[in-house]
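Architecture at a glance
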Amino acid sequence: MPAVKRIGILTSGGDCAGLNAVIRAVVHRAADAYGWQVIGIRNGTAGLLARPVEHEELGLAVVTGNILRMGGTILGTTNKGDPFAYPTPDGHLIDRSDEVIEGYRQLALDGLIGVGGDGSLRILRDLARKGGFGLVGIPKTIDNDLGLTEVSIGHETAVVTATAALDHLQPTAASHSRVMVLEVMGRDAGHIALTAGIAGGADVILIPEIPYSFECVAAHIERLKKRGRNFALVVVAEAVKTESGDQLLTAHVGGQPTYGGIGHYIGEHITRLTGAETRVTVLGHVQRGGTPEPRDRLLASVFGVYAVDLIAAGRFDRMVAWQNRQVVDVPIAQAIAQYQAVDPDGPLARTARGLGICLGD
Ligand code: F6P
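Residues numbered from 1 in each chain as written. Predicted model: local features only at pLDDT ≥ 70, side-chain atom pairs only at ≥ 80, totals over all residues. Heavy atoms only, no water.

**Details of the nonpolar core**
- Core analysis: the largest hydrophobic core is formed by 82 residues, its most contacted members being Ile7, Ile9, Ile113, Ile138, Ile205, Val234 and Ile266.
- Every residue in contact with Ile266, bar those within four places of it in the chain, is listed here: Leu206, Tyr212, Phe214, Val234 and Val236.
- Counting 25 residues, the second largest nonpolar core, distinct from the first, contains Leu10, Ile101, Ile332 and Ile336. (Core = buried A, V, L, I, M, F, W, Y, C linked by side-chain atoms within 4.5 Å. Buried < 20%, exposed > 50% of the residue type's maximum accessible area, 1.4 Å probe, protein only. Contact = heavy atoms within 4.5 Å.)

Here is the structure:
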């Protein structure tokens, strides 16, 4: 194996809290333990497509100070522009992977650390295989839907934010005798909704993995009323469908549509069926930004150090993962293949039911 002297790092996909803590850990381990140079590639694969390639050297001076505490990513990121199917202004998709690989070669790197979710890691892996370069993946996603790791960077901070939102909604719900609906992110998985819903004392939690009926939700709210409760908290994951199975999407200029709108739909139907006064909060990107919670800083630090050690050992095509209180590494391909949805019969769903929370079914 040729000696490593210079490695690259990029962040890809939607940002989340803890990305800067990963960058910091990678630079520390690479520079302090191995004396390597670390090159930060800007804006994910978009930086490798740009000419000149967008990059900067990340020395220890860059990572000392505040970046451990900072949300976002100092490198920038992108969640659009798959280089294998790159959209052109006239609406076609073209393969620009060779340009990205050429950009990577121009940096003369001995390996790349890619910090991303399932979509980004799939693209990076395809690029690494096509270009014949070494890749180590670090999982980050507030959605926590990547397989083979119990948790990914950013999820904890999103859950804390969603739980805090419920803490803020409860007193105003009780003061006005209202039903408060909170729509949270999570893409196709209900992890944020279920976890924050339990922690934040929700009465109803609707997630895409469990089909619901309004009959059941309304009956639960009526039951609470009969018991003397004058308010209710409802958490809805953004990918929950309408009762008839339609997916609600929000269109964006220059970007892919995202899930959105189900909170208002659920709120309207609760009012119609129960007569309750309802208000809806869509939490949105507040869940992505902000100061990383200690657990995200820790996970990012552990993953960053371990990823550099994988490169030192010449162990590529691996993703760092957290399993059974240990940091381990798994094949990137397997982590991507094993999508991690909420288990409708798993411990958290059972706990929610045990607490009398209505899961809509
Ligand atoms: O995957 C992370 C995530 O925040 C999802 O929970 C959400 O559906 C999506 O990204 C939002 O994407 P965008 O940043 O493009 O609005």
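**Observations regarding unusual backbone geometry**
- Residue Pro52 follows Arg51 across a cis peptide bond; omega there is -5°.
- Relative to the assigned elements, Pro52 resides in the loop between helix 2 (45-49) and strand 3 (55-57).
- We note that Asn144 has phi near 55°; this positive angle belongs to a residue other than glycine.
- Tracing the sequence through the fold places Asn144 in the loop between strand 7 (135-139) and helix 6 (155-176).
- Its relative accessible area of 6% is what places Asn144 among the buried residues. (Helix = DSSP H or I, 4+ residues; strand = E, 2+ residues; numbered from the N terminus.)

**Digging into the site of the ligand**
- Looking at the ligand, the residues that line it are Asn79, Ile142, Asp143, Met185, Gly186, Arg187, Glu238, Thr258, His285 and Arg288.
- The contact in question runs from an oxygen atom of the ligand to an N or O atom on the backbone of Gly186, over 3.1 Å.
- For the ligand, an oxygen atom lies 2.9 Å from a polar atom in the side chain of His285.
- Protein burial of the ligand: of its 400 Å² of free accessible surface, 85% is covered by the chains.
- When grouped by side-chain class, the residues that make up the shell around the ligand number two nonpolar, four polar and four charged. (Near = heavy atom within 4 Å. Polar contact = N/O pair within 3.5 Å; in protein donor to acceptor, adjacent residues only side chain to side chain. Areas by Shrake-Rupley, 256 points an atom, 1.4 Å probe, with all protein chains shown as cover. Nonpolar A, V, L, I, M, F, W, Y, C, P; charged D, E, K, R; others polar.)

**Here we look at the packing of aromatic side chains**
- Taken as a whole, this structure holds four aromatic pairs when the rule is applied.
- With a centroid separation of 5.4 Å and an interplanar angle of 80°, the aromatic rings of Tyr212 and Phe214 are classed as edge-to-face. Just as Tyr212 is buried, Phe214 falls in that class too.
- Consider the rings of Phe214 and Tyr265, whose centres lie 5.6 Å apart with planes at 50°: the pair is tilted. Placement of Phe214 in helix 8 (residues 214-226) and of Tyr265 in helix 9 (residues 262-274) is noted, with a sequence separation of 51 residues between them. Take Phe214 and Tyr265: they sit in the same class, and that class is buried.
- By way of ring pairs, the aromatic residues Tyr212, Phe214 and Tyr265 are connected into one cluster.
- Its end group placed over the ring of Tyr86, Arg96 keeps NZ or CZ at 4.8 Å from the ring centre. (Phe/Tyr/Trp six-rings, centres within 6.5 Å; stacked < 30°, edge-to-face > 60°. Lys NZ or Arg CZ within 6 Å of the ring centre and 35° of its normal.)

**Focus: the sheet that holds strand 15 (residues 326-331)**
- Strand order in the open sheet formed by seven strands is 3-2-1-6-7-14-15, with mixed pairing between adjacent strands. For this open sheet the edge positions go to strand 3 and strand 15, each flanked by a neighbour on one side alone. On average, each strand axis in the sheet is tilted by 25° relative to the strand beside it, whichever way the strands run.
- Here strand 6 (residues 112-116) pairs with strand 7 via five bridges, running parallel. Each residue of the ladder has a partner; that of Gly116, found in strand 7, is Pro139.
- In the packing of helix 5 (residues 118-131) onto the sheet, contacts are made with strand 1 (6-11), strand 6, strand 7 and strand 14 (318-323), and the angle to strand 7 comes to roughly 175°.
- Along the sheet face, helix 10 (residues 294-312) touches strand 1, strand 6, strand 7, strand 14 and strand 15 and points at about 140° away from the line of strand 14. (Pairing = 2+ DSSP bridges. Axes fitted to C-alpha atoms, helices over the stretch in contact; angles between N-to-C directions.)

**Some words on the packing of helix 8 against helix 9**
- Axis separation between helix 8 and helix 9 bottoms out at 10 Å; the angle between their running directions is 60°. Between helix 8 and helix 9, the angle falls in the class oblique. Read as a crossing pair, helix 8 and helix 9 show a hand that is right-handed. Mapping the contact onto sequence places Phe214, Val217, Ala218, Ile221, Glu222 and Lys225 in helix 8 and Tyr265, Ile266, His269, Ile270, Leu273 and Thr274 in helix 9. (Parallel < 35°, antiparallel > 145°, perpendicular 65-115°, else oblique. Left-handed = near helix turned anticlockwise from the far one by under 90°.)

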